[in-house]
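# Chains, contacts and geometry: an overview
Spelled out, the chains give:
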Amino acid sequence: GGGAGRVPPDLPPAPRPARRRRPVAPVTWELTGAVYLAVMAGLLLIVARIALNRSNGWLIGANLITLTAALYVCSLVNFAAIIADYNVSHSREATGKGVAIDLYYLLNLGPQALPAIDRAIVLRGYDPALVSHRGSLVEQQRREMNSWRNWGFRSWRLQRTLDAQQPSSPTG
């Protein structure tokens, strides 16, 4: 699907801790993790090649199979939803400790973060600006689902979730 739009300025920012470390973009962490796992898988396959006395062709084939499997699995994983759910579950509002929910960040994760945003609305209480932005994300999701070019497994699952909760939406 498409990326999330910018969040209008009428949403108040979440309170920040007094001292902050320089934030690292989630994409940077995902790329770092992917490179680390690829290097580890490659090293394990090299060890397996030596231990099993296999050819270089076997090593190349094993690496291609591993790469294909990893790409296939990652295409089905909803990283935005996992990140958003983790952030809401470990927030001050949910646990009583830690940092407050960063609404700006959650909203910038796009429509895939809607289930976590719904939980944030329940935890924080009714906030008209947050509910309005949630509505914009729902509308963005519906527009994306109307185009066959934007169809994807993750978007389809999200749309099923939104359709199931429509009668009791947290928008009031």
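These figures come from a predicted structure and were not determined experimentally.

### Concerning the pattern of salt bridges
Within this structure, the stated rule accounts for four salt bridges. A salt bridge links arginine 142 to aspartate 163; the nearest nitrogen and oxygen atoms lie 3.4 Å apart. Here arginine 142 is found in helix H7 (residues 128–146), whereas its partner aspartate 163 is found in helix H8 (residues 153–165), with 21 residues between them in sequence. On the accessibility criterion, aspartate 163 (40% relative accessible area) is partly exposed.

### A few points about a nonpolar patch on the surface
Together, Val35, Tyr36, Leu37, Val39, Met40, Leu43, Ile46 and Ile50 line one region of the surface with nonpolar side chains, adding up to about 780 Å² of accessible area. With respect to the secondary-structure elements, isoleucine 46 resides in helix H1 (residues 26–52). A relative accessible area of 38% places isoleucine 46 in the partly exposed class.

### Description of the nonpolar core
Ranked by size, the top nonpolar core spans 20 residues in total, and within it Leu106 and Ile117 carry the most contacts. Of all elements in the fold, only helix H3 (79–89), helix H5 (103–108), helix H6 (114–124), H7 and H8 reach the threshold of two or more residues within this core. Those residues in contact with isoleucine 117 that lie beyond four places of it in its chain are Leu106, Leu107, Leu130, Arg134 and Leu137.

### Quick word on the confidence of the model for the protein
Chain-level statistics for the protein give a pLDDT mean of 81 and a share of 78% at 70 or above. Ranking the elements of the protein by mean pLDDT puts H1 last with 84 and H6 first with 91.

About the cut-offs
- Residues numbered from 1 in each chain as written.
- Predicted model: local features only at pLDDT ≥ 70, side-chain atom pairs only at ≥ 80, totals over all residues.
- Heavy atoms only, no water.
- Salt bridge = Lys/Arg side-chain N within 4 Å of Asp/Glu carboxyl O.
- Helix = DSSP H or I, 4+ residues; strand = E, 2+ residues; numbered from the N terminus.
- Buried < 20%, exposed > 50% of the residue type's maximum accessible area, 1.4 Å probe, protein only.
- Patch = residues over 30% accessible without salt bridge, like charges linked within 9 Å, V, L, I, M, F, W, Y side chains within 5 Å.
- Areas by Shrake-Rupley, 256 points an atom, 1.4 Å probe, with all protein chains shown as cover.
- Core = buried A, V, L, I, M, F, W, Y, C linked by side-chain atoms within 4.5 Å.
- Contact = heavy atoms within 4.5 Å.
- pLDDT = per-residue confidence, 0-100.

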